[in-house]
Amino acid sequence: MNEMTKIGTAKDWESDQEVRWCPGCGDYAILKAVQRTMPELGVRPEDTVFISGIGCSSRFPYYMETYGFHTIHGRAPAIATGVKLANPDLDVWIITGDGDALSIGGNHTMHLLRRNLDCQILLFNNEIYGLTKGQYSPTSRIGTRSPSTPFGSVDRPASPCAFALGSGARFVARGIDVNKKLPEVLKAAHAHKGAAFIEIFQNCIVYNDDVFAPFTDKANAAEGQLWLEHGQPMLFAGGSKGLRLNLDHLHLEIVDVVDGDWQSVGVQIHDIANRSVAHMLVELPFGAFPMALGVLYEDPRPSFEQAVIAQNRQIAEGKIPDLQKLVAKGQTWQVEKQPRVE
Amino acid sequence: MASAVHEVTPEEASSHPEPEAVVVRFAGDSGDGMQLTGGQFTLSTALAGNDLATFPDFPAEIRAPQGTTFGVSAFQINFGSTSIETAGDAPDVLIAMNPAALKMSVGVLKPGGLIIADEGEFSARNLAKAGYDANPLEDGSLAKWQLVHFNISQLTLDAVKPLGLGNKEALRCKNMWTLGLALWMFDRDRKPIVDWLNAKFAKAPELAEANIAALNAGHAYGETAEIGGPMKQHHIAAAPVEPGLYRTVTGAESISLGLVAGAQLASLSMFFGGYPITPASAILHHLSRLKEYGVTTFQAEDEIAAIASAIGASYAGSLGVTSSSGPGIALKTEAIGLAIMTELPLVIVNSQRGGPSTGLPTKTEQSDLYQAVYGRNGDAPMPVIAACSPADAFDCAIEAVRLAVQFMTPVMLLTDGYIANAAEPWKVPDMAGYKPFPVEFLKEAPADGFKPYARDDKLKRPWVKPGTDGLTHRIGGIEKAVDTGHIDYAPANHQAMTEIRRDKVLGIANHVPEQEVTLGEAEGKLVIVGWGSTFGPIHQAVRRQRAKGKDVAHIHIRHIWPLPRNLGGLLGGYEKILVPEMNTGQLKTVLRDQYLVDAQPLNKISGQPFRIAEIEAAIEEALA
């Protein structure tokens, strides 16, 4: 199969199903970004499977002209594991949300990342349960008022990227639904062999509108967004500020950069393979710091399904499957025509 | 029954004719290796050509405190020169390795039966742990049985010590000494056990040597020691069985083999998603060694992931299989619903155990029938098959695979802790006798266009592997439109799809064999209807009662759902219906519901299999 012939245009990746999210939902922008990106990845729709759990985001597979499986709440990573082990040639994408991936499905998310199954996980984080009409979610900030927390939530939110890193993820990235850099992040995730985890900040216009506005609004973008690029200095605010690693206290700190001279103030250069710094980046408290975006960490390791296949092959090598021999295995005895009588 | 207990005289004891069948129970501490001893004794019994049935009875605790009654591990075997179908009601011989083992097992020993006890373990401390005030070996309290006791611990030490083992390691050979004595008692060849020990301890030849020395010493003790009357040698003749090649098999083994065979007959690779749980784990263990048969095993993070990954594998074109026991099956329930809704093939093995909740993990029960047939949200029909013995489980597993792929449906295969762990001789099947049923995946769109939920005459939808050109489509747990499979909440569509799912599964009754009468006539005064592992005791009880001239028949049901198409008619031919079950009457309820018949329950929920005598008594009562 010539990879370049059948990958088509964005249109070829759109299914004939009517998209049914609320008008203005961030999901539309993510769907468009994915459909625009797919033709550039060199894979065929027929070899692509989108697998989702339950939630607003999990309707996503219906809108892609690929193979798709809308499964049950939280279990997409487990279904995907079976799909990939049964056919490792498939290009598997998991579409999930903050409730689906971190609450009911937290266990599966953790183990998929730990095992390093080769797939892309797109976690649409809107910090709310949209489909069930607005209850707070495991990523909602303290004080979130919702139908189930009328006086404000009191529990601490989970940080998706910190969770992913802690679970052993070898690729951790962040994007924003409407940001034009999302396709680049998607491409990097797809190019990564192993589990690629992307948290996408997604605006829920009905139940949690503008919750990310402090860094996603145009007016706040420069100060609020730190786009990371491997080998480049960690600069934001139009290059007027940067992050420096404080070696005495082992944390990142903001420094002013004058006239583009980031070297003299010691701005940290982003090394995507540096796991320690990645831990600091995912933990940066927003407000005091900008939101770290782009590929925060990447350091590939052999993937799970390849290890399983390699072991299956190695153990099976040279053995000839013979069902008749298998059922007759162990200690056997022959009963003659006449039972032995003594 | 009179309360006075007749004490057996040595003359009476030795005047018994050579028995047709003998029940031996090995009982000891969890750490004494009783399951291993029983397993090897089983092998030697099988090699001697006897028919046999076993009952491993062990505690849930891995190593309960030594010497306590709840730490007792027992292995019972019934073997004979006639057909054997149960592990035996009451042992003829009890080998008790400590006071606790004696205490827990002596109650079921036949009056006049033989007790062999290791007096070396009957210390004041161990007696106290077992709750004995006085030493039963000395106080005459065991007078209604024949008692022999000697210091097995010391005799083992004497045999093994010269080989340079420490005290602790040397005492570990006690079970082999005991096995040696048992082999002498039943005139058995030691060589297969010696071969097995040499293979088992290939990397530690000194341990092989020590165990063999203990085995030989136990055997020699029987031969030379003058123990007197009760300890005599028996020879049980080979049972008349169909000629052919035999092996012993446990249910866990035969299910694993049957699943592999089923996948091969379907021309599919197999994916097994499992999570450790007693007593189902053995299936995962067996399958994980069969990679050359296209088997991929996956130990998932939980029960839900185990089934979900199997569903994913089925979606991708493998045969997805998962297995568990009651609590794990409960966790899998939502995912079973997904497999029903997306109409993907899947085999779910439930090795039932005592419940509810954690219940009795190592004990057997048949109390998940409701769960299997009814236990899901929504109208969620699913075929259910029940194996009745370790050997039967092989064919049942193949049948489960066949139904799953030919009807695009999850299938539940019910077995239980007894079947999973018990061993029985199995005539090695001729695989050429199994008709292949290769799966045909849909590879291109039909002339009138591709519809993921179009159906054939059996109401089966097509199976399409992702990766197939031109057939991209989406499935999921939301209700789908007839034919196209697009999301559709329309009232008429849901009614139609629910009816299709129901009719598809009910239609399976037209593609499975009619119910046969297992023993007896197709009409009469009384029929005993059973399912699963109660086969042995029911069959023997019915046989014995028929020999006494009683009008009773036995029907044993493999296809629990849908029920065989002729079953209603068959049941109508009997005046009374009795349903023995190791639950509070689950099949009984289904039979009443389906056929409006007066099925009466006979229930046992003690975690122990039925005894033949219990069923015989119920037959006599029903016919009185």
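Remember, it's a predicted structure, so these values are computed and weren't measured experimentally.

Engineer: Even after reading the chapter, I still don't get the overall build of chain A, so can you show me in this structure?
Structural biologist: For chain A, the helix and strand inventory stands at 11 helices and 14 strands. Dimensions of chain A, computed from C-alpha atoms along their principal axes, come out at roughly 100 × 50 × 45 Å. The proportion of buried residues among the 342 residues of chain A is 48%. In chain A, the proportion of contacts linking residues at least 24 apart, taken out of those at least 6 apart, comes to 66%.

Engineer: Explain the packing of helix α2 (residues 76-86) of chain A against helix α4 (residues 106-115) of chain A here, please?
Structural biologist: The description of two helices packed together rests on the angle between their axes and the distance between the axes. All names here are of chain A. At a minimum axis separation of 8 Å, α2 and α4 run at an interaxial angle of 40°. Judged by the inter-axis angle, α2 sits oblique to α4. Together, P77, A78 and T81 of α2 and H108, T109 and L112 of α4 make up the contact between the two elements.

Engineer: Mind showing me how you'd approach the interface of chain A and chain B here?
Structural biologist: When the parts of a complex come together, some accessible area is lost, and that lost area is often taken as the interface size. Each partner contributes to the interface: chain A provides 53 residues, whereas chain B provides 62 residues. Only β2 (67-70), α2, α4, α10 (304-316), α11 (323-327) and β14 (332-335) of chain A provide two or more residues apiece to the side of chain A that touches chain B. Ranked by residue count, the leading element in the side of chain A that touches chain B is α2(A), at eight residues. Among the residues forming the side of chain A that touches chain B, the class breakdown is 26 nonpolar, 17 polar and 10 charged.

Engineer: I would appreciate a short explanation of the pairing of strand β6 (residues 146-150) of chain B in the present structure.
Structural biologist: Every other side chain in a regular strand lies on the same face of the sheet, so the side chains alternate between the two faces. Residues and elements named next belong to chain B. Where strand β5 (residues 114-118) and β6 come together, five bridges link them in parallel fashion. Its bridge partner being in β6, D118 is matched across the sheet by F150. With helix α4 (residues 124-129) bridging β5 and its parallel neighbour β6, the resulting β-α-β unit is right-handed.

Engineer: What exactly am I supposed to notice about the sheet that holds strand β4 (residues 93-96) of chain B here?
Structural biologist: Strand pairing within a sheet occurs via backbone hydrogen bonds; the two strands may be parallel or antiparallel. Residue and element names in this part refer to chain B. Read from one edge of the open sheet, six strands run β2-β3-β1-β4-β5-β6, paired in mixed fashion. The open sheet has two edge strands, β2 (51-57) and β6, and neither has a second partner. Across the sheet, the mean angle separating the axes of adjacent strands is 15° when strand polarity is ignored. In this sheet, strand β3 (residues 72-80) lies alongside β2 in antiparallel orientation, the contact comprising seven bridges. Its bridge partner lying in β3, L52 is registered against F79. Together, β1 (21-29), β2 and β3 form the strand contacts of helix α2 (residues 34-47), whose direction differs from that of β3 by roughly 10°.

Engineer: Would you mind showing me how to read the UniProt feature "domain: Pyruvate/ketoisovalerate oxidoreductase catalytic" (unreviewed entry) in chain B here?
Structural biologist: Residues annotated in UniProt with the feature "domain: Pyruvate/ketoisovalerate oxidoreductase catalytic" (unreviewed entry) correspond here to residues 31-219 of chain B. Counted over residues 31-219 of chain B, helix gives 41% and strand 16%. Its end C-alpha atoms are 22 Å apart.

Engineer: What exactly am I supposed to notice about the confidence of the model for chain B here?
Structural biologist: Any region with low pLDDT has predicted coordinates that should not be read closely. Considering every residue of chain B, the mean pLDDT works out to 92; 96% of them sit at 70 or more. Model confidence for the complex: the whole-complex pTM is 0.90, and ipTM, which rates the interface, is 0.96.

Engineer: Teacher, can you tell me more about helix α18 (residues 535-547) of chain B here?
Structural biologist: Owing to its 3.6 residues per turn, the α-helix brings residues three or four apart onto one side. All names here are of chain B. Taking 1.5 Å per residue, 13 residues should reach 18 Å; α18 reaches 18 Å between its end C-alpha atoms and fits that length. Each element contacted by the buried residues of α18 is listed here: β2, β16 (524-531), β17 (552-557), β19 (574-581) and α21 (612-623). Phi turns positive one or two residues past the end of α18, at G549, with a value near 90°.

Engineer: Sorry, what's going on with the confidence of the model for chain A here?
Structural biologist: Scored by pLDDT, chain A comes out at a mean of 95, with 96% of its residues at no less than 70. For residues 1-6 of chain A, every residue scores under 50 in pLDDT, and the model assigns this stretch three contacts once sequence neighbours within four places are set aside.

Engineer: Is there a simple way to think about the sheet that holds strand β11 (residues 241-246) of chain A in this case?
Structural biologist: Residues and elements named next belong to chain A. Taken in spatial order, the three strands line up as β10-β11-β12 in an open sheet, and their pairing is antiparallel. Each end of this open sheet is capped by a strand with a single partner; those strands are β10 (235-236) and β12 (251-256). With six bridges connecting them, β11 and β12 associate as antiparallel partners. Bridge assignment links N246 to a residue of β12, and that residue is H251.

Engineer: I would appreciate a short explanation of the pairing of β2(A) in the present structure.
Structural biologist: Judged by which residues are buried, β2(A) turns out to be covered on both faces: Y67(A) and F69(A) on one side and G68(A) and H70(A) on the other are all buried. Of the strand pairs in this sheet, strand β1 (residues 48-52) of chain A and β2(A) are connected by four bridges, and their pairing is parallel. Directly across from I51(A), in β2(A), lies its bridge partner F69(A). Note that β2(A) and strand β15 (residues 474-476) of chain B share three bridges and pair parallel. Within the sheet, the bridge partner assigned to G68(A) lies in β15(B) and is R474(B).

Engineer: Explain the packing of helix α12 (residues 303-315) of chain B against helix α13 (residues 326-342) of chain B here, please?
Structural biologist: Residue and element names in this part refer to chain B. Here α12 crosses α13 at 30°, and the two axes come no closer than 8 Å. Here α13 runs roughly parallel to α12, going by the angle between their axes. Where α12 crosses over α13, the two elements pack in a sense that is right-handed. Within the contact between the two elements, α12 uses E303, I304, I307, A308 and I311 and α13 uses G328, L331, K332, A335, I336, L338 and A339. Taken together, the residues of the contact of α12 with α13 sort by class into nine nonpolar, one polar and two charged.

Engineer: Where do I start with the domain arrangement of chain B in this structure?
Structural biologist: All names here are of chain B. According to the domain assignment, chain B contains domain 1 (17-224), domain 2 (247-433) and domain 3 (517-623). The interface of domain 1 with domain 3 comprises six residues on the first partner and nine residues on the second. Here the residues of the side of domain 1 that touches domain 3 are counted per class, giving three nonpolar, one polar and two charged.

Engineer: For this particular structure, what's the right way to read α2(A)?
Structural biologist: In terms of residue burial, α2(A) counts as a mostly covered element, since 11 of its 11 residues are buried. For α2(A), every residue scored as buried is listed here: A76(A), P77(A), A78(A), I79(A), A80(A), T81(A), G82(A), V83(A), K84(A), L85(A) and A86(A).

Thresholds applied
- Throughout, a residue's number is its position along its own chain's written sequence, starting from 1.
- Chain A is the first chain written and ligand 1 is the first ligand written, with later ones labelled in order.
- Residue-level local features of this predicted model are given only where pLDDT is at least 70; pairs of side-chain atoms are given and counted only at 80 or more, and the full residue set underlies all totals for whole chains, interfaces and linings.
- Helix numbers and strand numbers start at the N terminus; a helix is a DSSP run of H or I with at least 4 residues, a strand a run of E with at least 2.
- Exposed residues have 12 or fewer other C-beta atoms within 10 Å of their own C-beta, buried residues have 20 or more, and partly exposed residues fall in between, where C-beta atoms are placed from the backbone.
- For the purpose of contact definition, each residue receives a C-beta atom placed from its backbone, and two residues are in contact when these atoms lie within 7 Å.
- Fitted lines through C-alpha atoms give the axes, limited to the stretch in contact for helices. The angle between two N-to-C directions lies from 0 to 180 degrees.
- Just so you know how the angles are binned, under 35 degrees is roughly parallel, over 145 roughly antiparallel, 65 to 115 roughly perpendicular, and the rest oblique.
- Under the scheme applied here, ten amino acids are nonpolar (Ala, Val, Leu, Ile, Met, Phe, Trp, Tyr, Cys and Pro), four are charged (Asp, Glu, Lys and Arg), and all others, including Gly, are polar.
- Strands are treated as partners if at least two bridges between them are detected by DSSP.
- Here is how to tell: hold the view so the strands point away, follow the path from the first strand over the helix to the second, and if it runs clockwise the crossover is right-handed.
- UniProt positions are given in the numbering used here, feature names are shortened, and annotations may be inferred rather than shown by experiment.
- Confidence of the predictor at the level of single residues is given by pLDDT, which spans 0 to 100.
- Take the residue count of a helix, subtract one, and multiply by 1.5 Å to get its expected span.
- Here a crossing is taken to be left-handed if its near helix is turned anticlockwise relative to the far helix by less than a right angle, and right-handed if that turn runs clockwise.
- Each domain's extent was defined by an automatic or database domain assignment.

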